[in-house]
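# Breakdown of the fold
This is what each chain is made of:
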Amino acid sequence: MPIPFRDLTGDESPGTAGYLKFLPRAAGDVWLGALFVMDERGEPVEFTHARIRAPKALLWRPADVQAYCIRSICVSIFDICPVAPLIILCLANEVGPDILSNDISIDLPAGRLSTAGEPVEVAVDWTAQPEAGSPAKRLFDALLDRGLLTEPFERAEVGLREVYSEVLRRRS
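Note that the structure is a prediction, hence the values are computed from the model and not measured.

Looking only at helices and strands, the protein has five helices and six strands in total. Ordered by position from N to C terminus, the α and β elements of the protein give β-β-β-α-β-α-β-β-α-α-α. Expressed along its principal axes, the backbone C-alpha trace of the protein runs to roughly 70 × 35 × 35 Å. Looking at the protein residue by residue over its 172 residues, the buried ones come to 42%. When contacts within the protein are restricted to residue pairs at least 6 apart in sequence, those whose partners lie at least 24 apart make up 56%. If you sum the accessible surface of the protein, you get close to 10,200 Å²; carbon and sulfur atoms cover 52% of it.

Structure below.
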């Protein structure tokens, strides 16, 4: 006789969140980036990645090189990612405020996360605030409740280092 149970994870998932992670100058002038997409439970759904060689810095300002590389990687990743998350999160110290608002227009909420203090407090600067009660807001709240706002960036970095291990090894 089977044990009576009810699967509480069900199919009522609020959706997926995408985490943008970048490794600037990971191998000389090569920049790496990824969009790690996961559900509200932290289960991986997709990992889309790209790399770019930074332009020669002779006539470029350093901040412009960074913006160019981040923007180029985002465009590449957004173009090839097979899933569309409800929200995109990135680290404010990696992605400037103009990238996902003035340089690239996306039709979903994107939040730049800043962390400070001990215990860690997270502040979010949204391109478009998720509306109260919307699937995007419910997803964000679920991630917050589960402590999944910043940890996925670590997994995305691990994924980038694994995917591009040869490129990174050549640097050494």
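What follows picks up the thread again.
The grouping of Leu-58, Leu-59 and Trp-60 at the surface amounts to a nonpolar patch, some 410 Å² of accessible area in total. Looking at where Trp-60 falls in the secondary structure, it is placed in the loop between strand E3 (44-53) and helix H1 (62-80).

Attention now moves to the sheet that holds strand E1 (residues 16-27). Overall, mixed pairing links the six strands, which are arranged E3-E2-E1-E4-E5-E6 in an open sheet. In the strand order of this sheet, the two ends are held by E3 and strand E6 (121-126), each with one partner. Strand-to-strand twist across the sheet, computed as the mean angle between neighbouring axes with direction ignored, equals 25°. In this sheet, strand E5 (residues 110-116) lies alongside strand E4 (residues 87-91) in parallel orientation, the contact comprising four bridges. Across the sheet, the residue bridging to Cys-90 is Arg-112, located in E5. Taken strand by strand, H1 contacts E1, strand E2 (30-39), E3 and E4, and its axis lies near 135° from that of E3.

The next thing to look at is the pattern of salt bridges. Scanning the entire structure with this criterion turns up 13 salt bridges. A salt bridge links Asp-39 to Arg-41; the nearest nitrogen and oxygen atoms lie 3.4 Å apart. Take Asp-39: its relative accessible area is 9%, and that puts it in the buried class. Residue classification places Arg-41 among the partly exposed residues on the basis of a relative accessible area of 28%. Through salt bridges with shared partners, a single ionic network connects Lys-21, Glu-94, Glu-157 and Arg-161.

Attention shifts here to the side chain of Arg-112. Mapped onto the fold, Arg-112 is located in strand E5. By relative accessible area, which is 15% here, Arg-112 ends up buried. There is a polar contact of 3.2 Å between the side chain of Arg-112 and the backbone oxygen of Ala-92. The contact partners of Arg-112, leaving out residues within four places of it in the chain, are Cys-90, Ala-92, Val-95, Gly-96, Pro-97, Ala-123, Val-124 and Asp-125.

Right, let's talk about H1 for a bit. Spanning 19 residues, H1 covers 28 Å between terminal C-alpha atoms, matching the ideal 27 Å at 1.5 Å per step. Val-65, Cys-69, Ile-70, Ile-73, Cys-74 and Ile-77 are the residues of H1 that are buried. When H1 is viewed along its axis, its buried side chains cluster within an angular range of 160° and face the same direction. Elements that come into contact with the buried residues of H1 comprise E1, E2, E3 and helix H2 (99-103).

Procedures and definitions
- Per-chain numbering applies: the sequence of each chain, read as written, is numbered from 1 onward.
- Where totals are concerned, whole chains, interfaces and linings use all residues; where local detail is concerned, this predicted model gives features only for residues with pLDDT of at least 70, and gives and counts side-chain atom pairs only at 80 or more.
- Hydrogens are left out, water is left out, and the side-chain values use all remaining heavy atoms of the structure.
- For helices the rule is a DSSP run of H or I covering at least 4 residues; for strands it is a run of E covering at least 2, with both sets numbered from the N terminus onward.
- Partly exposed residues are those whose accessible area sits between 20% and 50% of the maximum for their type, while under 20% is buried and over 50% is exposed, using a 1.4 Å probe and protein chains only.
- For this analysis, residues touch if any pair of their heavy atoms sits within 4.5 Å.
- For accessible areas, the Shrake-Rupley method is used with a probe of radius 1.4 Å. Any residue's cover is judged against the shown protein chains and nothing else.
- Like charges within 9 Å and nonpolar side chains (Val, Leu, Ile, Met, Phe, Trp, Tyr) within 5 Å are joined into patches, using only residues over 30% in relative accessible area that form no salt bridge.
- The term salt bridge refers to a side-chain nitrogen of Lys or Arg lying within 4 Å of a carboxyl oxygen of Asp or Glu.
- Paired strands, in this sense, are two strands between which DSSP finds at least two bridges.
- Lines fitted to C-alpha atoms define the axes here, with helix axes fitted over just the stretch in contact, and angles between the N-to-C directions of these axes take values from 0 to 180 degrees.
- N or O atoms within 3.5 Å of each other form a polar contact, as long as, within protein, one can give a hydrogen and the other can take it, and as long as residues adjacent in sequence are counted only when both atoms are side-chain atoms.
- Expected span of a helix, by definition, is 1.5 Å for each gap between consecutive residues, and there is one gap fewer than residues.
- The directions from the helix axis to the C-beta atoms form the arc being described.

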